[in-house]
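What follows is the residue order along each chain.
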Amino acid sequence: EAGVTQFPSHSVIEKGQTVTLRCDPISGHDNLYWYRRVMGKEIKFLLHFVKESKQDESGMPNNRFLAERTGGTYSTLKVQPAELEDSGVYFCASSQEEEAETQYFGPGTRLLVL
Amino acid sequence: AQKVTQAQTEISVVEKEDVTLDCVYETRDTTYYLFWYKQPPSGELVFLIRRNSFDEQNEISGRYSWNFQKSTSSFNFTITASQVVDSAVYFCALASIQGAQKLVFGQGTRLTINP
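Residues numbered from 1 in each chain as written. Chains lettered and ligands numbered in written order. Predicted model: local features only at pLDDT ≥ 70, side-chain atom pairs only at ≥ 80, totals over all residues. Heavy atoms only, no water.

Visitor: Whenever I open this one, the overall build of chain A confuses me. Can you help?
Guide: Within chain A, the secondary structure is distributed over 0 helices and 11 strands. What you see in chain A, going N to C, is helices and strands ordered as β-β-β-β-β-β-β-β-β-β-β. For 114 residues, the compact-globule estimate of 2.2 N^0.38 gives 13 Å, and the C-alpha radius of gyration of chain A, at 13 Å, lies within 12% of that figure. Overall size of chain A, expressed as C-alpha extent along the three principal axes, is 40 × 25 × 25 Å. The buried share of chain A, taken over its 114 residues, is 51%. Looking at chain A alone, contacts between residues at least 24 apart form 53% of all its contacts between residues at least 6 apart. As displayed, chain A has an accessible area near 5,600 Å², and 48% of this comes from carbon and sulfur atoms. Of the charged side chains in chain A, 12 are positive and 16 negative, and the gap between their average positions amounts to 8 Å. (Helix = DSSP H or I, 4+ residues; strand = E, 2+ residues; numbered from the N terminus. Rg over C-alpha atoms; globule rule 2.2 N^0.38 Å. Buried < 20%, exposed > 50% of the residue type's maximum accessible area, 1.4 Å probe, protein only. Contact = heavy atoms within 4.5 Å. Areas by Shrake-Rupley, 256 points an atom, 1.4 Å probe, with all protein chains shown as cover. Lys, Arg positive; Asp, Glu negative; His and termini not counted. Charge placed at Lys NZ, Arg CZ, Asp CG, Glu CD.)

Visitor: I would appreciate a short explanation of the pairing of strand 5 (residues 32–39) of chain B in the present structure.
Guide: In regular strands, side chains alternate between the two faces of the sheet. All names here are of chain B. Counting buried positions along strand 5 gives 8 out of 8 residues, so the element sits mostly inside the fold. With burial as the criterion, each face of strand 5 is covered, one bearing Tyr-32, Leu-34, Trp-36 and Lys-38 and the other bearing Tyr-33, Phe-35, Tyr-37 and Gln-39. Pairing between strand 5 and strand 10 (residues 88–96): 8 bridges, direction antiparallel. Paired with Gln-39 across the strands is Val-89, a residue of strand 10. Where strand 5 and strand 6 (residues 46–52) come together, 6 bridges link them in antiparallel fashion. In the sheet register, Leu-34 faces strand 6, and the bridge partner there is Arg-51. Connecting strand 5 to the next strand, strand 6, in antiparallel fashion are 6 residues, including Gly-43 with a positive phi near 105°. (Pairing = 2+ DSSP bridges.)

Visitor: Sorry if this is basic, but what is going on with the state of the cysteines here?
Guide: Linking two cysteines covalently via their sulfur atoms produces the bond known as a disulfide. Residue and element names in this part refer to chain B. Within this structure, the stated rule accounts for 2 disulfides over all chains. Residue pairing for Cys-23: its cysteine sulfur links by disulfide to Cys-92, the two sulfurs lying 2.0 Å apart. The sign of the -65° torsion about the S-S bond sets the Cys-23-Cys-92 disulfide as left-handed. A residue pair is termed long-range when its members are at least 10 positions apart, and Cys-23 in the loop between strand 3 (19–21) and strand 4 (24–26) and Cys-92 in strand 10 qualify at 69 residues. (Disulfide = S-S within 2.5 Å.)

Right under this line is the structure:
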């Protein structure tokens, strides 16, 4: 069974540009989460989807970040316009409805904003 | 507020030594989950274990063991007879059982096992 996949693995952009990150959860997982690790700090929660609905977006830093999960399958996280402090590793995770608390993570997207 | 502290930023040991990674947490919840994840050089976070707060029984899985002490709010992880393949960053995390499922992570401990 394929795990959580994320694309791209790395992205280098200039300040002010737009970047879109994609996450494909494990097949059949209704729950999808985004986290990020900035500058070697803790991994921090961004938001949680249940199918296509946003269950909790309390961790989204500001309105430059937009997450979508149309159709309840893959999700995208867009940063527009990107700022220097957005650099970090963005992780996606997914979990089953029956065991929602156990989240399985992807390899992350390393974003560098210059 | 919930908080997880992994005071050991980096640990380096020689292969076959035993090593313990510390995790201390803070929460006002009476029921919660605790987790350990491993991040090898490839980057993904690999799930290792989940414990419920109402189950303080220690767990052993091969060379790995976990010591949950509710009285001291600790959930320590011991690797016995360490191997080079155990080299990774290890994260401890906490989540409420009720409501939000978001994980609160510690800063991670980078473990290096030297041959």
